[in-house]
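# Reading the structure
These are the residues of each chain, in order.
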Amino acid sequence: HYFIQSNLSLMNSSSDTPPWHTFLLPEVDLLLGGVSMFCHVTATPLNLLSFYLFRKQKPSATFLVYMLISLTNVWLAIGSLPYTIVLLSKQRDPGVFQNYIFRIGWVITWESSIAFSVFLVLMITALRTITIVMRRKVVIKRKWVVIVTFTYGTFIVVEPFIMSFFGTCVYDADGIPYLIHKFRTINIVQQVLSSLQLAFPIIPLIILTLITSIKLMKSASTPGISNRSAAHKKHATITVILFTSVFITLKIPLFIAFLNWIPGLITDYQYTILFEFNMYMALYNWPVAYIVLIQINSLASPIIYFCRMSWFRTGVVQLLSTAGMTSVVRASNTS
């Protein structure tokens, strides 16, 4: 958030229209709120369906990570609902964010979920890169995935929870609550740590994706490798590359936001890398990068599964067929 000027005392000040409200674009807010609401309605059931179908597959480390991604996407689709209401309200009324306990709880869970999602995508990409580079199936035990994800998941929740005791949770003009600490140095360290968790992992993601793509192209040009196992391995690798590429694309605005914001935070907004701070950027950069694109990614994931995984499509068709037959039976019983 490019400037720290707005909290609940400002939102509830005697002025009916605070100065920064005059920069809001109601049509843009309505568009962003509509996209956000669409993601609520569609991404939640689709990711629950994805979790169910992955759970039915043969237990493996890869499917376990996909299950965790699906569950995380469910929360990312549902958890942003309070902010969707803010976008659809008049002049971004804080709504439930007026409650301090709710506000700080939302900040901790939302940011932790984004960080956990980034970590899981990094893990699934690394697993596929190891497989394609080693040119053989690498079996990674599920227990190690559980241990690593549990350890990291605990850290990204406990860290902001502990840090919240040393500061406060304010409601900024863009409508997004965030933690700010009493001591400037601690505040900078915490924000840099957040950037390392939320945005900067796209750099190793890009590197891993490039390595996997190059290895895949080399293996495709190698004569004598055309058996069924190799074809399946290639198909799975392309799926992960596509999945990761979409994830990276939707994370680039957040990466740019942090890349521009951290130097400004350190230099009291006297220096930026990519663009100068302005009111419109402050009001719309973070809502798009930190909320809406996160939701779009949660919707894109099950769509990619459906398009790229034949067994996934079969499972969806079977569920729909079963649901259709059940409806027909119920209708015939009531007639």
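Everything below is about the structure shown above.
The notes below deal with the structure included here. (Residues numbered from 1 in each chain as written. Predicted model: local features only at pLDDT ≥ 70, side-chain atom pairs only at ≥ 80, totals over all residues. Heavy atoms only, no water.)

## As for the pairing of strand β2 (residues 177-181)
Consecutive side chains along a regular strand alternate between the two faces of the sheet. With five of five residues buried, β2 is to be regarded as a mostly interior element. Every second residue of β2 is oriented toward a common face, with P177, L179 and H181 on one face and Y178 and I180 on the other, all of them buried. Counted between consecutive antiparallel strands, the loop separating strand β1 (residues 167-171) from β2 contains five residues, among which G175 sits at a positive phi close to 90°. (Buried < 20%, exposed > 50% of the residue type's maximum accessible area, 1.4 Å probe, protein only. Helix = DSSP H or I, 4+ residues; strand = E, 2+ residues; numbered from the N terminus. Pairing = 2+ DSSP bridges.)

## Observations concerning the environment of I294
The residue I294 is located in helix α10 (residues 279-308) in this model. Residues I294 and N73 lie 221 residues apart in sequence; the distance between their C-alpha atoms is 8.9 Å. With residues near it in sequence (within four places) discarded, I294 still touches L76, W110, I114, K251 and A289. (Contact = heavy atoms within 4.5 Å.)

## With respect to the pattern of salt bridges
Scanning the model with the defined rule gives one salt bridge in all. With a shortest N-O distance of 2.9 Å, R92 and D29 are connected by a salt bridge. Separated by 63 residues along the polypeptide, R92 in the loop between α4 (81-88) and α5 (100-134) and D29 in helix α2 (residues 26-55) bring together distant segments of the chain. Here R92 falls in the buried class, since its relative accessible area comes to 1%. (Salt bridge = Lys/Arg side-chain N within 4 Å of Asp/Glu carboxyl O.)

## Side note on a nonpolar patch on the surface
Together, L30, M37, V41, L81, I85 and L88 line one region of the surface with nonpolar side chains, adding up to about 530 Å² of accessible area. Of all the elements in the fold, those that place two or more residues in the nonpolar patch are α2 and α4. Relative to the elements of secondary structure, M37 occurs in helix α2. With a relative accessible area of 31%, M37 lands in the partly exposed category. (Patch = residues over 30% accessible without salt bridge, like charges linked within 9 Å, V, L, I, M, F, W, Y side chains within 5 Å. Areas by Shrake-Rupley, 256 points an atom, 1.4 Å probe, with all protein chains shown as cover.)

## Brief notes about the pairing of β1
Most of β1 sits out of view: four of its five residues are buried. Direction of pairing for β1 relative to β2: antiparallel, over a ladder of five bridges. Residue pairing in the sheet places Y171 in a bridge with P177 of β2.

## What about the environment of F243?
Secondary-structure assignment places F243 in helix α9 (residues 228-266). Placed 119 residues apart in sequence, F243 and I124 show a C-alpha to C-alpha distance of 9.8 Å. Those residues in contact with F243 that lie beyond four places of it in its chain are I69, V121, I124, S301, I304 and Y305.

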